[in-house]
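A look at the structure
Listed below, chain by chain, are the residues.
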Amino acid sequence: MIKVIFFPGMGTLYSVSRDKKETIEIYPEAISALRFLSRRGYELVLLTPEYSEYKRFRAAVKDKTLSLHNFNPEKNDLSAFMEKQMISEEESFLITDGLYWKYFQNTKARIILILSGAGFCTLAGLEDDANEYFKDICKNIYAAAFSVAINN
């Protein structure tokens, strides 16, 4: 069984340039966090409905040694994907600013909410019992990477 870090890119790892809508601006801590997680044996899966976004992110990442996969949770069944890829739900995480977290609430994967991107808005809009779905709440993906290391 493999362990996976799932993450939406927008808001979690990068933003889109206001001047050039096709240009991805990777957050300074993002690549270091991905390297940290990869060295600890995690496969990295970018969640995005657009394959072109995955390709733009891949092109923007200077470290071509990072193994990075793509999954569209809006068109594909997450549980079937995890089973087919032999992903250990118990050892996997979703790191998100709020996007796609509801797809994961019925899995055994742990969810870490980060406050970059729309994270503060997500946190403010949560119902009281929604906090039970989050394993941790972190400032950014780098802090979330350390949370993964501590919680696994």
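Now for a description of the structure that goes with this document. Worth saying up front: this structure is predicted, and the values here are computed from it rather than measured.

**Concerning the pattern of salt bridges**
- Tallied over the entire structure, the rule returns 1 salt bridge.
- One salt bridge connects Glu-90 with Lys-108, and the closest N-O pair in it is separated by 3.6 Å. Placement of Glu-90 in the loop between α3 (78-84) and β6 (93-96) and of Lys-108 in the loop between α4 (101-104) and β7 (110-114) is noted, with a sequence separation of 18 residues between them.
- Judged by relative accessible area, which is 44%, Glu-90 ranks as partly exposed.

**Here's the deal with the sheet that holds β6**
- Strand order in the open sheet made by the 6 strands is β5-β4-β1-β6-β7-β8, with parallel pairing throughout. Each edge of the open sheet is held by one strand with a lone partner, namely β5 (68-71) and β8 (134-138). Between one strand and the next, the sheet's axes are offset by a mean angle of 25 degrees, whatever the strand orientation.
- Looking at chain direction, β6 and β7 are connected through 4 bridges and run parallel. Each bridged residue has a counterpart across the sheet, and for Ile-95 the counterpart in β7 is Ile-112.
- Relative to β5, helix α2 (residues 51-60) is tilted by about 165 degrees, and along the sheet it contacts β4 (42-47) and β5.
- Sitting on the sheet, helix α6 (residues 141-151) is in contact with β1 (3-8), β4, β6, β7 and β8, with an inclination near 155 degrees to β7.

The rules behind the values
- Residues numbered from 1 in each chain as written.
- Predicted model: local features only at pLDDT ≥ 70, side-chain atom pairs only at ≥ 80, totals over all residues.
- Heavy atoms only, no water.
- Salt bridge = Lys/Arg side-chain N within 4 Å of Asp/Glu carboxyl O.
- Helix = DSSP H or I, 4+ residues; strand = E, 2+ residues; numbered from the N terminus.
- Buried < 20%, exposed > 50% of the residue type's maximum accessible area, 1.4 Å probe, protein only.
- Pairing = 2+ DSSP bridges.
- Axes fitted to C-alpha atoms, helices over the stretch in contact; angles between N-to-C directions.
- Contact = heavy atoms within 4.5 Å.

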